[in-house]
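# Structural features, examined
Chain by chain, the residues run as shown.
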Amino acid sequence: MGTQIHLSDTGAPLRWPRECAQCGAKDERLVGVPVGIAREKTHLKDLALQRLVFESATLTYPVCERHAGGVRLASWLTRKSPLPALLRGVAWVFGPLALLTGAMAVGLGVLRLLGRVPAPAGVSPDLPLFFVAWSVLAAALLIGVLWARRHVPLRLVRFKDDGLTLRFSSAAYARRFVRANPDVARSAESDCLDRTRNVSRC
Ligand SMILES: [Zn+2]
């Protein structure tokens, strides 16, 4: 989903379309929102010191003030680097289970209120507090990750020595970005077509 653009690493400053990347507003004040990616660059000497080394790259692109806060949070939640990746892993593994458990607890509570299911005698109906807190956190995290994937206009999806791969949610904005940076940006999709003589492998 989205349009992928390959960006050569030239060190030259990028030119962004003068509009909000989220809503396209041109006549509002724009602020810079960072989008980043990290890759592991651990060498043998680092392993000897029992440490992992990451190298990161960050771009800053314009978003209107109204959307800046949400886009900043969504960018961080979808960022390819260790901590957000760990949180997404927790969300995908435990989030569905937490939502299912919550739905079952609510359903059971409603049935008990209606008198359809009697509470078992001598057994406390209360769930352990830590379990409830963990379930709420996991469910909130899953909802946050799903929200972020829908509300992030730009993600960095690949970080190699020859440059970065950007994924724009708006194909029109991606085209304007390529037009503004013809020397360093090119469509990853057209690259696939060229290499395979009009048969796309991507
Ligand atoms: Zn906006």
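Just so it is clear, the model here is predicted, and its values are computed rather than measured.

### Looking at the overall build of the protein
When its secondary structure is counted, the protein shows six helices and six strands. When its helices and strands are written in sequence order, the protein yields β-β-α-β-α-α-α-β-β-α-β-α. By residue count, 33% of the 202 residues in the protein fall in the buried class. Summed over all atoms, the accessible surface of the protein reaches about 13,000 Å², with 60% contributed by carbon and sulfur.

### Comments concerning empty space enclosed by the protein
Counted under the stated rule, the structure contains one cavity of 30 Å³ or more. Taken as a whole, the largest cavity holds about 30 Å³ of empty space. Around the largest cavity sit Val 35, Gly 36, Ser 75, Thr 78, Arg 79, Lys 80, Val 152, Leu 154, Arg 155 and Leu 156, which together line it. When residues in the lining of the largest cavity are grouped by element, the largest group, three residues, is from strand β4 (residues 154–160). When the residues that make up the lining of the largest cavity are grouped by side-chain class, the tally is four nonpolar, three polar and three charged.

### Quick word on the UniProt feature "transmembrane region" (unreviewed entry) in the protein
In this structure's numbering, the residues bearing the UniProt feature "transmembrane region" (unreviewed entry) are residues 89–115 and 127–148. The span residues 89–115 is 93% helical and 0% strand by assignment, and the distance between its end C-alpha atoms comes to 39 Å.

### Describing the coordination of the zinc ion
Within the protein, Cys 20 (SG), Cys 23 (SG), Cys 64 (SG) and His 67 (ND1) serve as the donor atoms for the zinc ion, at 2.2 to 2.4 Å. Classification of the site at the zinc ion rests on its four donor atoms, whose angles at the metal span 95 to 123°, yielding the label tetrahedral. Written as a sequence motif, the donor residues of the zinc ion are C-x2-C-x40-C-x2-H. Pair noted here: Cys 20 is in the loop between β1 (3–8) and β2 (30–40) and Cys 64 is in strand β3 (residues 54–64), with a separation of 44 residues, a long-range link.

### Observations regarding helix α2 (residues 65–77)
End to end, α2 covers 19 Å across 13 residues, agreeing with the expected 18 Å (1.5 Å per residue, within 8%). When the local axis directions of α2 are compared, the greatest deviation, roughly 25°, occurs at Val 71. Buried within α2 are the following residues: Ala 68, Val 71, Ala 74, Ser 75 and Leu 77. Tucked into the core, α2 has its buried residues touching β2, β3, α3 (82–113), α4 (129–151) and β4.

### Here we look at α4
The terminal C-alpha atoms of α4, which comprises 23 residues, lie 32 Å apart, in line with the 33 Å expected from a rise of 1.5 Å per residue. For α4, the set of buried residues is Ser 135, Ala 138, Ala 139, Leu 141, Leu 142, Gly 144, Val 145 and Ala 148. Packed against the buried residues of α4 are α2 and α3.

### Things to note about the sheet that holds strand β5 (residues 163–168)
In a beta sheet, neighbouring strands are held together by backbone hydrogen bonds and run either parallel or antiparallel to one another. Strand order in the open sheet formed by four strands is β4-β5-β1-β6, with antiparallel pairing between adjacent strands. Every other strand in the sheet has two partners, leaving β4 and β6 (185–187) as the edge strands with one partner each. Along the sheet, successive strands turn relative to each other by an average axial angle of 25°, direction set aside. Helix α5 (residues 171–180) contacts β1, β5 and β6 of the sheet and is inclined by roughly 20° relative to β1.

### Some points on the nonpolar core
Residues Trp 16, Tyr 61, Leu 164, Leu 166 and Phe 168 are the most contacted members of the largest nonpolar core, which totals 28 residues. At the level of secondary structure, the elements contributing two or more residues to this core comprise β1, β2, β3, α2, β4, β5 and α5. Counting residues per element, this core draws most heavily on β3, at five residues.

### Looking at the packing of aromatic side chains
Tallied over the entire structure, the rule returns five aromatic pairs. Here Phe 168 and Tyr 173 contribute two aromatic rings whose centre-to-centre distance is 5.7 Å and whose plane-to-plane angle is 45°, an arrangement assigned as tilted. Here Phe 168 and Tyr 173 have matching classes, each one buried. Ring plane angle 45° and centroid distance 5.3 Å describe the contact between Phe 168 and Phe 177, whose orientation is recorded as tilted.

What counts, and at which threshold
- Residues numbered from 1 in each chain as written.
- Predicted model: local features only at pLDDT ≥ 70, side-chain atom pairs only at ≥ 80, totals over all residues.
- Heavy atoms only, no water.
- Helix = DSSP H or I, 4+ residues; strand = E, 2+ residues; numbered from the N terminus.
- Buried < 20%, exposed > 50% of the residue type's maximum accessible area, 1.4 Å probe, protein only.
- Areas by Shrake-Rupley, 256 points an atom, 1.4 Å probe, with all protein chains shown as cover.
- 1 Å grid on protein atoms, 1.4 Å probe; cavity = no way out; pocket = protein on both sides within 12 Å on 5 of 7 lines; lining within 4 Å.
- Points joined across faces, edges and corners; volume = space filled by probe spheres on them.
- Nonpolar A, V, L, I, M, F, W, Y, C, P; charged D, E, K, R; others polar.
- UniProt positions renumbered as here; feature names shortened; annotations may be inferred.
- Donors = N, O, S within 2.8 Å, 3.2 Å for Na, K, Ca; no water.
- Tetrahedral: all angles 85-135°; square planar, octahedral: opposite > 155°, others 65-115°.
- Expected span 1.5 Å × (residues − 1).
- Bend = angle between axes of the 7 residues up to and from the residue.
- Contact = heavy atoms within 4.5 Å.
- Pairing = 2+ DSSP bridges.
- Axes fitted to C-alpha atoms, helices over the stretch in contact; angles between N-to-C directions.
- Core = buried A, V, L, I, M, F, W, Y, C linked by side-chain atoms within 4.5 Å.
- Phe/Tyr/Trp six-rings, centres within 6.5 Å; stacked < 30°, edge-to-face > 60°.

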